[in-house]
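As a plain string of letters, each chain reads:
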Amino acid sequence: MKKVAVLVSGGGTNLQALLDRGIRGGEIVRVVSSKEGAYALERARAAGIQTVTVPRKAMSRDEFEEGLRLALEGVDLVVLAGFLCVLSKGLVERFENRMINVHPALIPSFCGDGFYGLKVHEAALAKGVKLTGATVHFVTAETDAGPIIAQKAVEVREDDTPETLQRRVMEEAEWELLPEACSLFCEGRLEVRDGRVFVR
C-alpha cells in the first residue's frame, strides 16, 4: 500500500474527492496545509488523517521548504490539491514523477505562472473557448509543464460565469481525474518515457 500525502491551502474539495472515491493501492497518511485554519484540515481530521500545518506567511522561504521536506518524509506520492505555493526546484526534483497536480484547464491552455483558481476560468471565458476542462500531470520545476497523466474536457456554456464554470470543471473533471490518476500511480501502472505518460 503506497503512502500518499496531500498538500492543501484552502477548502479541500479535491481532498474530499480523494476521500470519497478512495485510492486503489494507496492510503492518504498525511494532509499538509500551507495555511493555518484551512478547512481542508477539518476534512482530514474528520477522516482520521494526520494533519500538519507549515504556514508559508509565518516563515522564511528556507524554513517553509524545510518544514515541507520534514512533513513529506516517508511518503510515496505527493498530491497537490489546491496548493497555492510554488515549490522549489530541489523539492520538486526530490519527488520526480512522484508528485501530481490537478490544473483546472486543458494544458497547454490557460496554464503557467499566474494561472490559478478563478483566474483560469476568467481567461477561458475571455477567450471564448467552447471547451475547457482539467488536467492531471506530474509536477516539474516549470509551472504546469510536467508530463500529462490524464485530461477531461468540459463544455463551456454561453451563460457561464467564472464561478459556475469553476464548479462544473471540478464536478465533471477534477474530482474524477485526480482519484483515478492517484490510483493508477499507486497500482504501479504509470510509466514516463521521453516526457510522456503511458498507462500500463
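Structural data are supplied above this passage.
A brief structural summary. Think of each chain on its own: its residues are numbered from 1, step by step along the sequence as written. Under the rules for a predicted model, residues below a pLDDT of 70 receive no local features and side-chain atom pairs below 80 are neither given nor counted, while totals for whole chains, interfaces and linings still include all residues. Only hydrogens and water are removed before side-chain values are computed, so all heavy atoms of the structure are retained for them.

1. Notes on the overall build of the protein
Summing up its helical and strand segments, the protein has six helices and nine strands in all. The C-alpha radius of gyration of the protein comes to 16 Å, within 12% of the 16 Å expected for a compact globule of 200 residues. Considered along the principal axes of its C-alpha atoms, the protein spans approximately 45 × 40 × 30 Å. For every residue, the accessible area obtained with a 1.4 Å probe (protein chains only) is divided by the maximum for its type, and the residue is called buried under 20%, exposed over 50%, and partly exposed between those limits. In the protein, buried positions account for 48% of the 200 residues. Strands are runs of DSSP state E lasting at least 2 residues, helices are runs of H or I lasting at least 4, and numbering of each runs from the N terminus. The globule rule used for comparison is 2.2 Å times the number of residues to the exponent 0.38, while the radius of gyration itself is calculated over C-alpha atoms.

2. A short note on the side chain of H137
Here H137 is to be found in strand β6 (residues 131–138). It only takes one pair of heavy atoms within 4.5 Å for two residues to be counted as in contact. Not counting the four nearest positions on each side in its chain, H137 is found in contact with M99, I100, N101, I107, D144, G146, P147, I148 and I149.

3. Looking at the nonpolar core
Core analysis: the largest hydrophobic core is formed by 35 residues, its most contacted members being V6, I28, V31 and L178. Counting residues per element, this core draws most heavily on helix α6 (residues 162–186), at 10 residues. In contact with V6, not counting residues within four places along its chain, are L15, L18, I28, R30, V31, V32, V79 and A81. Remark: nonpolar core denotes a set of buried residues (Ala, Val, Leu, Ile, Met, Phe, Trp, Tyr, Cys) joined through side-chain atoms within 4.5 Å.

4. As for the pairing of β6
Counted residue by residue, β6 has seven buried out of eight residues, so it is predominantly covered. A strand pair is defined by DSSP finding two or more bridges across the two strands. Here strand β5 (residues 99–103) pairs with β6 via four bridges, running antiparallel. Paired with H103 across the strands is T135, a residue of β6.

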